[in-house]
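Each chain, written out:
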Amino acid sequence: MSRRDGLKFAQTALRQPPGRREAAPPAIEYPRRRHSADLSRTMTPQSSPSSALIAESAQCDARGDHVRAVDLLSQASRAGDAEAMTRLGKRLLIALDAPNLPQEGTGLIARAAQLGHAEAAAQLAVLSAVGMFVPQSWGTAMTAITFAAERGFAPARGQLRLLAADRELAAQPDDAGLWRRLAETVPLDPWHLPAKNGATLQESPLIHHFPDFVDARVCDWLIAKARPRLVRAPIYSAREGRATISDTRTNRWAMFDITVADLVSVLVQVRICANTGAPFRNLEPFAVLHYAVGEEATEHFDFVDPLTENYEQVLARQGERDLTFLLYLNEDYDGGHTEMPELGFSHKGSRGEGFYFVNVHENGQPDRRTLHAGRPPTRGEKWVVSQFIRNRPTF
């Protein structure tokens, strides 16, 4: 779907009367068969004890010698250590104190998964679900996450328990056959379909919400996953070309890059695509934002501001943020509204509610009426997912 088509869907199709709305095209194609026999055959359990090279690599990282750390992981990987392959592969995927070699990183992760490494299999599940550097396949994703769960990887087990439709089965104690049975009950189709209860809050600029976008269990999962990763949220300085800390934004956040994402967060993104018409590849990694009492994000734009120095170059390099989608994860706080002062608009989301606004006019030019702020809570803490959607692929 082109950017124009995607915006047309977001700006017009959602205004159709119930029963007349066109279905959004699936964000990702996936096979009906949800398990890959080929992958199951290649994923054979194999012990992979941490080596002295891995331990020395961690020590190098601790003292800031990342070049040496990467070299040691490379040596251990060449020796067939699946733990080293996994660590190095994830670093290369996102250039974390390492070269930007995502293809090579993916190859290491796939090999580690084939050697029986549970965390590598869980990472391969995410890459397969997204279609990043491997063919997109929900069948492979479900096989990989099931294998990771069977190998004892707790996050994989948690995902299957959360996503399974059979809640009675999901409450059963661990046993060897549980994870495959749970995987067989995971309903993927509903995540790919438009929500039935959306409503337009404002026509121009378009502001739309979905009161029951995800259930409470998904909200709790994302909060729990984000909490230990929270850091001070930066702002992006186009002039400096990097993220900086500013007094205009005092809240914290946790970024869900491809090495942090899991099948739960990916399915939330799939649902966002199904309800905005955006292609999955146009999504940035999302962030979970946390606001304690008194913390805020003051008035700002999400689009690339035309008043920015070197605006054309920045736009050509990064593309435009056409749409902002928020997913409210809790509601037990006071204050903390999302405000658009130019529109006289203020909104306090409810738990599990999806909410988005279009940042640009139909001709793609920035809409300055979308100036907005995240006001500080006066009691409790606020949790919300922030998902930016670009006008071109991000990967």
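The preceding data block contains the structure.
A short tour of the structure in this document, coming up. (Residues numbered from 1 in each chain as written. Predicted model: local features only at pLDDT ≥ 70, side-chain atom pairs only at ≥ 80, totals over all residues. Heavy atoms only, no water.)

1. Looking at the sheet that holds strand 1 (residues 199-202)
Working definition: the strands of a sheet are paired by backbone hydrogen bonds and lie parallel or antiparallel to each other. Basically, it comes down to this: For two strands to be treated as a pair, DSSP must find at least two bridges joining them. Helix numbering and strand numbering both begin at the N terminus, where a helix is a DSSP run of H or I of at least 4 residues and a strand a DSSP run of E of at least 2. We call two residues contacting when some pair of their heavy atoms lies within 4.5 Å. An axis is simply a line fitted to the C-alpha atoms; with a helix, the fit covers only the stretch in contact. Between two such axes, the angle follows the N-to-C directions and lies from 0 to 180 degrees.
Taken in spatial order, the eight strands make up an open sheet running 1-2-13-9-16-7-6-3, and their pairing is antiparallel. Pairing within the sheet leaves two strands with one partner each, and these edge strands are strand 1 and strand 3 (231-232). Relative to strand 7 (residues 287-291), strand 6 (residues 252-255) runs antiparallel, the two being bridged by four bridges. The partner of M255 across the bridge, within strand 7, is A287. The sheet contacts of helix 12 (residues 216-226) involve strand 6, strand 7, strand 9 (321-328) and strand 16 (382-390), and relative to strand 16 the element is tilted by about 90°.

2. Remarks on the packing of helix 8 (residues 138-150) against helix 9 (residues 154-163)
What counts, and what does not: Note on angle classes: values under 35 degrees are labelled roughly parallel, values over 145 roughly antiparallel, values of 65 to 115 roughly perpendicular, and the remainder oblique. Each crossing is labelled by how the near helix is turned from the far one, with a counterclockwise turn of less than a right angle marking it left-handed and a clockwise turn marking it right-handed. Note on residue classes: Ala, Val, Leu, Ile, Met, Phe, Trp, Tyr, Cys and Pro are nonpolar, Asp, Glu, Lys and Arg are charged, and everything else, Gly too, is polar.
In the contact formed by helix 8 and helix 9, the axes pass within 7 Å of each other and the chain directions differ by 120°. Considered as vectors, helix 8 and helix 9 are oriented oblique to each other. Two packed elements cross with a definite hand, and for helix 8 against helix 9 that hand is left-handed. In this structure, helix 8 uses M142, I145, T146, A148, A149 and E150 to contact helix 9, whose residues at the interface are A156, R157, Q159 and L160. Taken together, the residues of the contact of helix 8 with helix 9 sort by class into six nonpolar, two polar and two charged.

3. Brief notes about helix 3 (residues 52-62)
Counted only if it meets this: Each residue is placed in one exposure class: buried if its accessible area under a 1.4 Å probe, protein chains only, is under 20% of its type's maximum, exposed if it is over 50%, and partly exposed if it falls in between. Along the arc lie the directions from the helix axis toward the C-beta atoms.
For helix 3, the full list of buried residues reads I54, S57 and C60. Down the axis of helix 3, the smallest arc covering the buried residues is 115°, so these residues share one side. Residues of helix 3 that are exposed and angled more than 90 degrees away from the buried face: A52 and A62. Considering only its buried residues, helix 3 is in contact with helix 4 (66-78) and helix 5 (82-94).

4. Remarks on the packing of aromatic side chains
What counts is decided by this rule: Between rings of Phe, Tyr and Trp, where Trp is taken as its six-membered ring, a pair exists when centres lie within 6.5 Å; planes separated by under 30 degrees are stacked, by over 60 edge-to-face, and by other angles tilted. The rule for a charge over a ring is simple: NZ of Lys or CZ of Arg within 6 Å of the ring centre, and within 35 degrees of the ring normal.
Taken as a whole, this structure holds 10 aromatic pairs when the rule is applied. Ring plane angle 35° and centroid distance 4.9 Å describe the contact between F256 and F286, whose orientation is recorded as tilted. With F256 in the loop between strand 6 and helix 13 (263-276) and F286 in the loop between helix 13 and strand 7, the pair connects residues that are 30 residues apart, well separated along the chain. By the burial criterion, F256 is buried, and F286 matches it. Lying over the aromatic face of Y333, K348 brings its terminal NZ or CZ to 4.1 Å of the ring centre.

5. Thoughts on the pairing of strand 16
Burial runs high along strand 16: nine of the nine residues are buried. Burial of strand 16 is two-sided: the residues K382, V384, S386, F388 and R390 facing one way and the residues W383, V385, Q387 and I389 facing the other way are all buried. Looking at chain direction, strand 7 and strand 16 are connected through five bridges and run antiparallel. Pairing of Y291 across the sheet is with K382, part of strand 16. Relative to strand 16, strand 9 runs antiparallel, the two sharing seven bridges. Paired with F325 across the strands is Q387, a residue of strand 16.

6. Here's the deal with the side chain of N330
Heads up, the rule is: Polar contacts here mean pairs of N or O atoms no more than 3.5 Å apart (in protein, one a potential hydrogen donor and the other a potential acceptor; neighbouring residues in sequence count only if both atoms are side-chain atoms).
Take N330: it is sitting in the loop between strand 9 and strand 10 (334-335). Residue N330 is classed as buried on the basis of its relative accessible area, which comes to 7%. Reaching out from N330, the side chain makes a polar contact with the backbone oxygen of E381 at a distance of 2.7 Å. A distance of 2.8 Å separates a polar atom in the side chain of N330 from the backbone nitrogen of W383.

7. What to know about the pattern of salt bridges
Note the threshold: Think of a salt bridge as a Lys or Arg side-chain nitrogen and an Asp or Glu carboxyl oxygen that are within 4 Å of each other.
Evaluated as defined, the whole model comprises 20 salt bridges. Taking the shortest distance from any N to any O, the salt bridge between D174 and R161 comes out at 2.5 Å. Within this pair, whereas D174 is found in the loop between helix 10 (167-170) and helix 11 (178-184), its partner R161 is found in helix 9, the two being separated by 13 residues in sequence. Put simply, R390 and E284 hold a salt bridge, and the shortest N to O gap is 2.6 Å. Of this pair, R390 sits in strand 16 while E284 sits in the loop between helix 13 and strand 7, placing them 106 residues apart in sequence. The two residues R390 and E284 agree in class, both being buried. Members of the salt-bridge network, linked through shared partners, are E56, R68 and D71.

8. Quick look at the sheet that holds strand 8 (residues 297-300)
As summarised here, the arrangement of the four strands in space is 8-14-11-12, forming an open sheet in which the pairing is antiparallel. Single-partner strands in this sheet number two, and they are strand 8 and strand 12 (345-347). In this sheet, adjacent strand axes meet at a mean angle of 10° when their direction is disregarded. Pairing of strand 11 (residues 338-340) with strand 14 (residues 372-374), which is carried by two bridges, proceeds in the antiparallel orientation. Across the sheet, E339 pairs through a bridge with A373, a residue of strand 14.

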